[in-house]
Amino acid sequence: AAALRFGNQARFHPLRFLDAVAEPLELYEQTRVRDVEGNRVITDRGTVTAEHVVFACHYPFRNVPGYYFLRMHQERSYVLALENAAGLEGMYFGTDGDGLSFRPQGDLLLLGGGGHRTGENSAGGQYQKLRQAARSFWPESRETAAWSAQDGMPLDGVPYIGRFSAATPNWYVATGFQKWGMTSSMAAAEILTDFICGRENGDAPVFSPQRFHPFVSTPKLLIDGAQTVYSIAKEKLEIPRETLFAIPNGTAAVVKVEGEKVGVYKTPDGGAYCVTVRCPHLGCRLEWNPAELSWDCPCHGSRFDYTGKLLNDPAQTEIGFQKEKKQ
Ligand code: FES
């Protein structure tokens, strides 16, 4: 019905950009932060002490204070890279719920869409929908790659950038960028630099995480529940053979075994991977995502592959699993 055009847009390669800005810094990769206490950042490989701590971790893993899990969920979206698709000059973004996006990259065209709340994709078919669109717009095109992404979605559509909470004056946060990470992160860098250097920033009130005051007594129940996370790897469950037989190869199901709900994925050749479907973050039930062969949490978007390995935060641990012999 209508379109809006923004002129003078820039396009750049995010990794090359990051390489350049990070050059003077000392970075530690593959070092998962487990907790932050005051000015101590606790990682698997040691503790870092810092005057200022910025949570720039996609989705804050500290539940309290801040309560970001009450005001942000996550969404997934899917992309195909197409060769031999007619060149487009600009970047196009469909704003409808089922809208597509188009973006040229070198000789390729990136076709995106199929977004949904994480944990709500039990029917699957997102890549197929994109493939159908590619066939109808560019019948001669060839797919060279396919992938999906995950974004934090704040309650009012504006990222949370600023002080992590009123109770932690030296903690800062930058999160909830929706799909606009390359621009929002620049706004975050400016605002947080000013905070840390004690300068005024006129944009800070717009992004202030303190614009919401979540009702703080409700989450207690959920948080308490999270402490009872269990691992079926520890207490091995006997999954009845007939239960495993009933699940077709290449699909997944949630079954009840000895009173516990267990997620079972049957590989195409009949092997079975069993995981707990209780999310280690705050205890919600995980749902199967056939597009990515993963167990996804509809509450705040943690994800695990079918072997139980953690793919996306805010959960910080894997989910226990056991592997059954081929049927
Ligand atoms: Fe919060 Fe699963 S991500 S309960």
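Residues numbered from 1 in each chain as written. Predicted model: local features only at pLDDT ≥ 70, side-chain atom pairs only at ≥ 80, totals over all residues. Heavy atoms only, no water.

### Here's the deal with the packing of aromatic side chains
Within this structure, the stated rule accounts for 18 aromatic pairs. Centre to centre, the rings of tyrosine 67 and phenylalanine 69 are 6.2 Å apart; their planes meet at 50 degrees, and the pair counts as tilted. Across this residue pair, the class does not change: tyrosine 67 and phenylalanine 69 are buried. Judged by centre distance (5.7 Å) and plane angle (65 degrees), the ring pair of tyrosine 68 and tyrosine 160 falls under edge-to-face. Here tyrosine 68 is found in the loop between β4 (53-55) and β5 (72-83), whereas its partner tyrosine 160 is found in strand β10 (residues 160-163), with 92 residues between them in sequence. Residue class for tyrosine 68 comes out buried when judged on its relative accessible area of 0%. In this structure, arginine 71 is placed above the aromatic ring of tyrosine 160, and the distance from its NZ or CZ to the ring centre is 5.2 Å. (Phe/Tyr/Trp six-rings, centres within 6.5 Å; stacked < 30°, edge-to-face > 60°. Buried < 20%, exposed > 50% of the residue type's maximum accessible area, 1.4 Å probe, protein only. Helix = DSSP H or I, 4+ residues; strand = E, 2+ residues; numbered from the N terminus. Lys NZ or Arg CZ within 6 Å of the ring centre and 35° of its normal.)

### A short note on the sheet that holds strand β3 (residues 46-49)
Judged by pairing direction, the sheet is antiparallel, and its three strands sit side by side in the order β1-β2-β3 without closing on themselves. Only two strands of the sheet have a single neighbouring strand rather than two, namely β1 (33-37) and β3. Adjacent strand axes in the sheet meet at a mean angle of 20 degrees when their direction is disregarded. By the bridge criterion, four bridges tie strand β2 (residues 40-43) to β3 in an arrangement that is antiparallel. By the bridge assignment for β3, threonine 43 is matched with glycine 46. (Pairing = 2+ DSSP bridges. Axes fitted to C-alpha atoms, helices over the stretch in contact; angles between N-to-C directions.)

### Details of the sheet that holds strand β16 (residues 294-296)
Overall, antiparallel pairing links the four strands, which are arranged β15-β16-β17-β18 in an open sheet. Looking at the sheet topology across the chains shown, the edges are occupied by β15 (287-289) and β18 (310-312). The average angle at which neighbouring strand axes cross in this sheet is 35 degrees, direction not considered.

### Some words on the environment of lysine 261
Relative to the helices and strands, lysine 261 resides in strand β13 (residues 260-266). Distance from lysine 261 to valine 277, taken between C-alpha atoms, is 6.5 Å for residues 16 residues apart in sequence.

### Side note on the environment of glutamine 128
Mapping glutamine 128 onto the fold places it in helix α2 (residues 126-137). Under the relative-accessibility criterion, glutamine 128 is labelled partly exposed at 49%. When the C-alpha atoms of glutamine 128 and alanine 291 are compared, they prove to be 9.2 Å apart, with 163 residues separating the residues in sequence.

The values reported here are purely geometric and, on their own, carry no functional implication.
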